[in-house]
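Residue-level structure breakdown
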Amino acid sequence: MAKTKRLKKQTAGRLVRAVCYTQVLATDAPRARAEKAKCSTAARRKLNYRFAYQKLQMQLAANFTRRDLYVTLTYDDEHLPPNRKAAKKQVAAFFDRMRRQYRRAGKELRYVYVTQELQRDGSRRLHHHLIISATGSGDYDTIRALWPNGDNVEILPIGETEMYVHDDFLELAQYLLHERNPDAPATTVGDRGWNASRNLRKPVEESEMVDESVTVTAPPGAYILDTDHKQNEFGCYDYIVYLLPERRARKE
């Protein structure tokens, strides 16, 4: 059977995003090419990182679990930086100290962080939200001891935050990048990006041509988060996002 479909899959920890769509062929008649292109374009839009939080979501899923740490670092009045550039220097120095501490303990430090100014109540004050790989019970004391710019340091396992719903990290990624939300207040300022350690694992990406009969499905025990299907007389696409069962994810 001729291979007429393209199957693409991205795997990040337990999170899997897959799409299968009819491929436009050089031998297709003009109308068939146009109609197939509608399916393939729709499919690519589903997989493309149309919003920055989708890329961050996949990075979080590939590198962290609910047992890793969500940290908020704030400044007291005495140490409040004058601008974001100065604040980023402070958090960079913090991670230098953390990296040395982890190295002495024989551990690898992985992290993602954002520097923000807009707060939940609408006021503005520089602060940082961090995702840090956990090592053990001493992490809380270590983090607080290595942040000299204020005593208000909030630390929680990711799974205990209000942004945690599933291991897909969607709500957490959206919150970390809320300053990039086009619906955010006009008072939002700054570069509104995110930074990460260089040792983060990248999501696994696969792409191959498959038979017409192939579609995308979740394995037994998976938790389906989203699905979509479109079809016309010349082609179709199927899209699915799911979480692998925990045991299978650990084995893989």
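To keep things clear, this report deals only with the structure shown in the data block. Here the residue index of a chain counts from 1 through its sequence in written order. The model is predicted, so local features are restricted to residues of pLDDT at least 70 and side-chain atom pairs to those at 80 or more, both for listing and for counting; the totals for chains, interfaces and linings are taken over all residues. Excluded from the side-chain calculation are hydrogens and water; included are all heavy atoms of the structure.

**Topic: the nonpolar core**
Within the largest apolar cluster, 27 residues are counted, with the highest numbers of intra-cluster contacts made by L60, F64, Y70, I131, L172 and L176. Counting from the N terminus, the helices are DSSP H or I runs at least four residues long and the strands are E runs at least two residues long. Secondary structure elements with two or more residues in this core: strand 2 (15-22), helix 2 (52-63), strand 4 (111-118), helix 5 (170-176) and strand 10 (235-243). Sorting elements by how many residues they give to this core places helix 2 first, with 5 residues. Beyond its immediate stretch of four places on either side in the chain, L60 contacts V112, I131, F169, L172, A173 and L176. One finds F95, M98, L109 and L130 within the second-largest nonpolar core, a separate group that totals 21 residues. To form a nonpolar core, buried Ala, Val, Leu, Ile, Met, Phe, Trp, Tyr and Cys residues must be joined to one another through side-chain atoms within 4.5 Å. Whether a residue is buried, partly exposed or exposed follows from its accessible area with a 1.4 Å probe, protein chains only, as a fraction of its type maximum: under 20%, in between, or over 50%, in that order. It only takes one pair of heavy atoms within 4.5 Å for two residues to be counted as in contact.

**Things to note about helix 3 (residues 84-104)**
One less than the residue count of a helix, multiplied by 1.5 Å, gives the span that helix is expected to have. A rise of 1.5 Å per residue sets the reference length of helix 3, with its 21 residues, at 30 Å; its end C-alpha atoms lie 30 Å apart and thus fit the reference within 8%. Within the span of helix 3, buried status applies to R84, A87, V91, F94, F95, M98 and Y102. On an axial view of helix 3, the arc spanned by its buried residues comes to 100°, and they lie on one face. In helix 3, those exposed residues whose orientation departs by more than 90 degrees from the buried face are K85, K89, R103 and R104. Taken from the helix axis, the directions to the C-beta atoms give the arc we talk about.

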